[in-house]
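Results of the structural survey
Chain by chain, the residues run as shown.
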Amino acid sequence: MNHFTSLFSPPNFEPSHLLKLLIHLHIIASGENGDYFFPCALQSYTKPLVPQTETNPLLIVWQDNDGINTLPVPQGMFPLVITHLLTHNKCPCKVDFPPLDPHQYYKYRDALSFWIFIKTKRYTLHIINHYSHIEVYFDESVQEAKVKCPYIRELVMKAVSDSAKAINLEQNHVAAFSCLNEKEKNCYCVIEEDHSINCTLCKKSADISGDSYWCWFDSMDCGTKIIASDSQYLQVLDICNL
C-alpha cells in the first residue's frame, strides 16, 4: 500500500500529470488561457425551452446493429462530444464558448451553446442532450445555413464518431429529423446515405421538404477538403465558400 501511495504522490505524480491524463481521455478540455472545462461539473438543464431558430434541428440518434430499434444516448457520450468539439481549433473553423448570458445561451451539463468561428464570421450553435437523442440547432437564417450547416454537420458527426471510438462503442449513430406525423411522437425520420428517409416507427415515412431541413445536407459545387481523423467517420467537407 505504501508503494502505491508513493507512486501517486509528488514528485512521482504531480497534479499536472492528472490534468494531462484527463485531457488525453477527453474528459476535460483545456483553454487558451490555462483554464480547463469539465462538462460534468455543470448543473443539469432543468428548463427545457426549445431554441427558436429558423432552421429545424438536426438530430443524432443511436440504433441497434440491425438499424431497427432506437437506443438511448450512450452513457458518457455527450460530455465527450463537447470536449472533442472544443479541441477543434484548426483553420478554417474554431469552436469556443459565448459569454455567460442565460437569456441567450445554454451552459448546462446537458445543454450547451457554442460560438463557431468560420474564417472571420461567427455563428451560434446549440447542442442539447435529450438522452433519447441529441439535438443540434444552428441559430442563423436559412440562407446562411444552406452554406454553413453541411460543414457543421460533418464537424459534429466527426466529434460523435471520435467519442464513440474513445469509449469503444460501435459507430451506430445516424442523422435524423423529428417525425412530422402527428400520431407518432417518439419516432425519428432517419436520413439514409442517399438522402432517402425511413421513419423508425411509422408505416409511411413523413414527407420532409424545405430548406429549413435540408440545409444540413445541401452540397456545394466547389472544391473539397477533408477533416483528418483517426475515426472511421471520414467525410468530404465542402468548405471553400465558408
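Note that the coordinates shown come from a computational prediction; the quantities given were computed from them, not determined experimentally.

The next subject is the nonpolar core. The tendency in soluble globular proteins is for nonpolar side chains to be buried as a group. With 50 residues, the main nonpolar core has Leu 85, Phe 114, Leu 125 and Trp 216 as its most contacted residues. Here this core gets ten residues from one element, more than from any other, and that element is helix H4 (residues 142–166). Filtering out sequence-adjacent residues up to four positions away, Leu 125 remains in contact with Leu 112, Ser 113, Phe 114, Ile 116, Val 136, Tyr 137, Phe 138, Ile 152 and Val 156. Listed in part, the six residues of the second largest apolar core include Tyr 45, Tyr 106, Ala 111 and Tyr 137.

This part covers the state of the cysteines. Counted according to the given criterion, the structure contains zero disulfides. Looking at Cys 149, it has no disulfide partner, and the nearest cysteine sulfur is the one in Cys 215, 4.4 Å off. Classification of Cys 149 by relative accessible area gives buried; the value is 0%. In this structure Cys 187 is a free cysteine whose sulfur lies 3.5 Å from that of Cys 199, the closest cysteine sulfur available.

As a further point, take the pattern of salt bridges. Tallied over the full model, the rule gives four salt bridges. The residue Lys 146 makes a salt bridge to Asp 211 at a minimum N-O spacing of 3.4 Å. Residue Lys 146 is located in helix H4, and its partner Asp 211 is located in helix H5 (residues 211–214); the two are separated by 65 residues in the primary sequence. Look at Asp 211 and you get partly exposed, because its relative accessible area is 36%. Across the salt bridge formed by Glu 154 and Arg 153, the nearest N and O atoms sit 3.3 Å from each other. Considered together, Glu 154 and Arg 153 belong to a single accessibility category, that of buried residues.

On to the pairing of strand E9 (residues 134–138), then. For E9, the buried fraction is high: five of the five residues fall into the buried class. Burial of the side chains of E9 extends over both faces: Ile 134, Val 136 and Phe 138 are buried on one face and Glu 135 and Tyr 137 on the other. Bridge analysis of strand E3 (residues 58–63) against E9 gives three bridges, and the strand direction is antiparallel. The partner of Leu 59 across the bridge, within E9, is Glu 135. Judged from the five bridges that link them, strand E8 (residues 121–129) and E9 form a sheet pairing that is antiparallel. Within the sheet, the bridge partner assigned to Ile 128 lies in E9 and is Glu 135. Connecting E8 to the antiparallel partner E9 that follows it, the hairpin turn spans four residues, and Tyr 131 within it adopts a positive phi of roughly 70°.

Turning our eyes to something else, we now look at the pairing of E3. Within E3, six of the six residues are buried, leaving the element largely enclosed by the surrounding structure. Sheet analysis places E3 next to strand E10 (residues 173–178), joined by four bridges and oriented antiparallel. If you follow Ile 60 over to E10, its bridge partner there is Ala 175. As consecutive antiparallel partners, E3 and strand E4 (residues 70–71) are separated by six residues, and within that stretch Gly 67 has a phi angle of approximately 70°, a positive value.

What follows is about helix H3 (residues 77–86). Burial analysis of H3 places ten of its ten residues in the buried class, the great majority of the element. For H3, every residue scored as buried is listed here: Met 77, Phe 78, Pro 79, Leu 80, Val 81, Ile 82, Thr 83, His 84, Leu 85 and Leu 86.

Let us now look at the environment of Pro 98. Topologically, Pro 98 is positioned in the loop between strand E5 (93–96) and strand E6 (107–108). Its relative accessible area of 10% is what places Pro 98 among the buried residues. As a C-alpha pair, Pro 98 and Ile 116 span 18 residues in sequence and 9.4 Å in three-dimensional space. Excluding residues that lie within four positions of it along the chain, Pro 98 makes contacts with Tyr 105, Ser 113, Phe 114 and Trp 115.

Evaluated as defined, the whole model comprises eight aromatic pairs. Measuring from centroid to centroid gives 6.0 Å for Tyr 105 and Trp 115, while their planes differ by 85°, and the two rings are edge-to-face. Of this pair, Tyr 105 sits in the loop between E5 and E6 while Trp 115 sits in strand E7 (residues 111–118), placing them ten residues apart in sequence. Seen in terms of ring centroids, Phe 177 and Trp 214 are 5.8 Å apart; in terms of plane orientation they differ by 85°. Their pairing is edge-to-face. Remark: Trp 214 occurs in helix H5 and Phe 177 occurs in strand E10; sequence separation between them is 37 residues. Residue Phe 177 is classed as buried on the basis of its relative accessible area, which comes to 0%. Put simply, the rings of Phe 177, Tyr 213, Trp 214 and Phe 217 pair up and form one aromatic cluster.

Procedures and definitions
Residues numbered from 1 in each chain as written. Predicted model: local features only at pLDDT ≥ 70, side-chain atom pairs only at ≥ 80, totals over all residues. Heavy atoms only, no water. Core = buried A, V, L, I, M, F, W, Y, C linked by side-chain atoms within 4.5 Å. Buried < 20%, exposed > 50% of the residue type's maximum accessible area, 1.4 Å probe, protein only. Helix = DSSP H or I, 4+ residues; strand = E, 2+ residues; numbered from the N terminus. Contact = heavy atoms within 4.5 Å. Disulfide = S-S within 2.5 Å. Salt bridge = Lys/Arg side-chain N within 4 Å of Asp/Glu carboxyl O. Pairing = 2+ DSSP bridges. Phe/Tyr/Trp six-rings, centres within 6.5 Å; stacked < 30°, edge-to-face > 60°.

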